[in-house]
2 protein chains.
Amino acid sequence: MSVRTQQQAIAASRELAVDLSAVIVCVTGDQPQILAIRSENDAADALASGPLESRHRTLEAGLRSWVESQTHQCLGYVEQLYTFGDRNRMVVGSNRRVRMLSIGYLALVREARPENTSNTVWRNWYQYFPWEDWRSGKPAVLARIERQLRSWVADAEGAGDRRARAERVRACFGLGNIRWSDERVLERYELLYEIGLVPETHRDRAPAWCSADDVIKEGALMIADHRRVLATAIARLRGKIKYRPVVFELMPPTFTFLNLQQAVEALAGLLMHKSNFRRLVESQGLVEDTGEVSAGAAGRPARLLRYRHDILLERPVPGARLPQALRGK
Amino acid sequence: MSVRTQQQAIAASRELAVDLSAVIVCVTGDQPQILAIRSENDAADALASGPLESRHRTLEAGLRSWVESQTHQCLGYVEQLYTFGDRNRMVVGSNRRVRMLSIGYLALVREARPENTSNTVWRNWYQYFPWEDWRSGKPAVLARIERQLRSWVADAEGAGDRRARAERVRACFGLGNIRWSDERVLERYELLYEIGLVPETHRDRAPAWCSADDVIKEGALMIADHRRVLATAIARLRGKIKYRPVVFELMPPTFTFLNLQQAVEALAGLLMHKSNFRRLVESQGLVEDTGEVSAGAAGRPARLLRYRHDILLERPVPGARLPQALRGK
DNA sequence: CTCCTTATACTCAAAGTAAGTATTAATGGG
DNA sequence: CCCATTAATACTTACTTTGAGTATAAGGAG
């Protein structure tokens, strides 16, 4: 890059604020939880977050430092999600508008520490996204959401536009012959945001298709774009558990098959077939027997398992959706 | 976020430059290509890139505007890759050091337009990563790379450290009982960078494990962290073709099975079994027959296919690595 | 001891996959 | 004009993975 362009970049940066935010996830029993920062006056929670500062060596280091100072939580697994930077979502600072660059992170921790304090709470993530939990059947909110979506489709201008809207709704919310996909969390939220079905739309900008009265009020709010970052995190995590052994970052040192299954079900928001789940886990060779058995609970005691740390990466890439490459040659 | 934190953020941003860069990919025949910007004096190419400016409505809009002004290429499919922000990789601007935030994008285009000009060239991406092309057997460079990696493993301090290094090398480069994974492009590059086996290490900072003489010189360089962004793009694309129909963004309106297979092979850097590839594509219902056949080439003419745009999202998520969720209920 | 609960083992059919062989239909050199 | 070459397409076979379900085992409460 030439010196001129560098100077332009620096000039441009004068109007720029970079915010690092973390979706800190744990699973307690059979519920997925995230660490939320309570606000003093506001009703809406926040994620642990703070601005990038020059003292931070790397982005991730900056994130960790903010999280630790705000929550006293030590992070293990951390992964960058996405950088949001719409000018729509700006904040007013000193006396001019600055662009907000928001870099979201996903962090996984093993247990809900710290306990809830005056500042922080562990919250079930389905409090923010009630339509994402299908473990006890189709969530009730979806009836209203679907009704609104159908009328949005009907309101389209031309036939082509209407078809496009219908297609998008079907893909996001699994209507018609399309099945619900646990991974489309962000696409669903963005659709709701775009057409004004969540309160954030009306908070951030001029009213969209939907009036403020028709807004879906189920689901807790968060400040700024934090609910969007949360949606991104859930989507990423749901996708990732399918091809990388990330669930184990959320499990205690030893656990039973049922514990593991419930953790996965909590994240995916779906129930799975018990024996098939066991068979899959066993076939992957990711866990080993500790020799001990669980005690206390009702029913036959279960074997206690442990994650095989040594195996980390050696599995043949599973579920690759291309014919296996030719071997030999 | 409170007003105080906002002001901190703005203060911090004074030392910040945000660079948007695009890996623009097309496939010509059976080769994957990227659009590189020739440098005037320097030997190293660059990606199309430029600083984020306040006139840009969104990050993606900023990227598109830079790409169009630098290359006169219109972008179709665009996807954000990752935001890099190590303080190691800084640039000197005016008279103080600023942090470089680099947001990488992947863009797919159908044909190599514009033709090469004085400023831009389409280059085979394996020019930058010769060890990533296994289509005609194991690349020759890997012999030297593996030798160096083995001695890096041997140089580890304790036995634990040595095992960790060995494990990492095995996972990245598919040694021992682990197979080569086409998707680990970035992990491989990062490992080479970290231990000083690519020239960038020595350009960016104090010498690492490896002396400048032992550096792997095969593979063209790029400025700044652009080769890292390219590695990220290749990795993402190789992963994505396995579960989303993105290849079609790179295909002309009509194509044969062989064209499609060669495109996929070009991206993956691996050969596939012909009949199985056809069966897979057919079973997905992603293409339809145009009725026409290809002409001119030697051999029996092939049917011309076209991508079914209408089907975009309706496929049942394939290859999900969890037991299918219970139906009904 | 009996029932309830949960764990674990085993079965079975259907679908999907890896790796071929066989057949068909063009081109181009002689 | 025939035949070797090249490529497309069709068919086969054994094997693995899945979805779905049933049967048996092992504890605790009453």
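Everything numeric here is computed off the predicted structure, so don't read it as measured data. (Residues numbered from 1 in each chain as written. Chains lettered and ligands numbered in written order. Predicted model: local features only at pLDDT ≥ 70, side-chain atom pairs only at ≥ 80, totals over all residues. Heavy atoms only, no water.)

Trainee: Explain the overall build of chain A to me, please; I cannot follow it from the model alone.
Mentor: Counting its secondary structure elements, chain A contains 9 helices and 10 strands. Of all intrachain contacts in chain A linking residues separated by at least 6 positions in sequence, the fraction that spans at least 24 positions is 61%. Put simply, chain A shows about 14,800 Å² of open surface, and 49% of that area lies on carbon and sulfur atoms. (Helix = DSSP H or I, 4+ residues; strand = E, 2+ residues; numbered from the N terminus. Contact = heavy atoms within 4.5 Å. Areas by Shrake-Rupley, 256 points an atom, 1.4 Å probe, with all protein chains shown as cover.)

Trainee: Help me understand the packing of helix α3 (residues 141-154) of chain B against helix α4 (residues 159-173) of chain B in this model?
Mentor: Packed helices, taken two at a time, are described by the angle their axes make and the gap between the axes. All names here are of chain B. Put simply, α3 and α4 touch, their axes get as near as 8 Å, and they point 160 degrees apart. Relative to α4, the element α3 is oriented roughly antiparallel. The crossing of α3 and α4 is right-handed. For the pair formed by α3 and α4, the contact residues are L142, I145, L149, W152, V153 and A154 on the first element and R162, R165, A166, R168, V169 and F173 on the second. Residue composition of the contact of α3 with α4, grouped by class: 9 nonpolar, no polar and 3 charged. (Axes fitted to C-alpha atoms, helices over the stretch in contact; angles between N-to-C directions. Parallel < 35°, antiparallel > 145°, perpendicular 65-115°, else oblique. Left-handed = near helix turned anticlockwise from the far one by under 90°. Nonpolar A, V, L, I, M, F, W, Y, C, P; charged D, E, K, R; others polar.)

Trainee: How do you make sense of helix α7 (residues 226-240) of chain B when you look at a structure like this?
Mentor: One turn of an α-helix holds 3.6 residues; hence residues three or four places apart share an orientation. Given a rise of 1.5 Å per residue, 15 residues ought to cover 21 Å, and the 21 Å separating the end C-alpha atoms of α7(B) matches this to within 8%. With respect to burial, α7(B) is a largely interior element, 14 of its 15 residues being buried. (Expected span 1.5 Å × (residues − 1). Buried < 20%, exposed > 50% of the residue type's maximum accessible area, 1.4 Å probe, protein only.)

Trainee: Hey, could you run me through the pairing of strand β1 (residues 16-28) of chain B in this one?
Mentor: Consecutive side chains of a regular strand alternate in pointing toward one face of the sheet and then the other. All names here are of chain B. Burial analysis of β1 places 12 of its 13 residues in the buried class, the great majority of the element. Pairing of β1 with strand β2 (residues 31-37), which is carried by 4 bridges, proceeds in the antiparallel orientation. Residue pairing across strands places C26 opposite Q33, the latter belonging to β2. (Pairing = 2+ DSSP bridges.)

Trainee: Please clarify how the sheet that holds strand β9 (residues 287-293) of chain A should be interpreted in this entry.
Mentor: Consider a sheet: its strands pair through backbone hydrogen bonds, and that pairing is either parallel or antiparallel. The 3 strands lie next to each other as β8-β10-β9 (chain A), forming an open sheet whose pairing is antiparallel. The strands lining the two open edges of the sheet, one partner per strand, are β8 (254-255) and β9 of chain A.

Trainee: Honestly, the pattern of salt bridges in this entry has me stumped. Any pointers?
Mentor: On inspection of all chains with the given rule, the structure shows 48 salt bridges over all chains. In this structure, R306(A) engages E288(A) in a salt bridge whose closest nitrogen and oxygen atoms are separated by 2.9 Å. You can see R306(A) sitting in strand β10 (residues 303-307) and its partner E288(A) sitting in strand β9, a full 18 residues away along the chain. Residue E288(A) is classed as partly exposed on the basis of its relative accessible area, which comes to 31%. One salt bridge connects E187(B) with R184(B), and the closest N-O pair in it is separated by 3.5 Å. (Salt bridge = Lys/Arg side-chain N within 4 Å of Asp/Glu carboxyl O.)

Trainee: Please explain the sheet that holds strand β9 (residues 287-293) of chain B as it appears in this structure.
Mentor: All names here are of chain B. Read from one edge to the other, the open sheet built from 3 strands follows the order β8-β10-β9, with strand pairing classed as antiparallel. Of all the strands in the sheet, the pair left with one neighbour each is β8 (254-255) and β9. In the sheet, β9 pairs with strand β10 (residues 303-307) via 4 bridges, with the strands oriented antiparallel. Bridge assignment links D289 to a residue of β10, and that residue is L305.

Trainee: What's the story with the confidence of the model for chain A in this structure? I'm lost.
Mentor: Close reading of the predicted structure is inappropriate where its pLDDT is low. Residue and element names in this part refer to chain A. Put simply, chain A has an average pLDDT of 86, and 85% of its residues get 70 or more. Mean pLDDT across the secondary structure elements of chain A bottoms out at helix α1 (residues 3-13), with 48, and peaks at helix α3 (residues 141-154), with 97. Segment residues 9-13: pLDDT under 50, and 15 contacts once partners within four positions in sequence are set aside and those in other chains are kept. Segment residues 312-321: pLDDT under 50, and 25 contacts once partners within four positions in sequence are set aside and those in other chains are kept. (pLDDT = per-residue confidence, 0-100.)

Trainee: What is the right way to look at the pairing of strand β3 (residues 48-51) of chain B in this model?
Mentor: Residues and elements named next belong to chain B. On β3, burial covers both faces: A48 and G50 on one face and S49 and P51 on the other are all buried. The pairing of β1 with β3 spans 4 bridges and is classified as antiparallel. Opposite S21, over in β3, you have S49 as the bridge partner.

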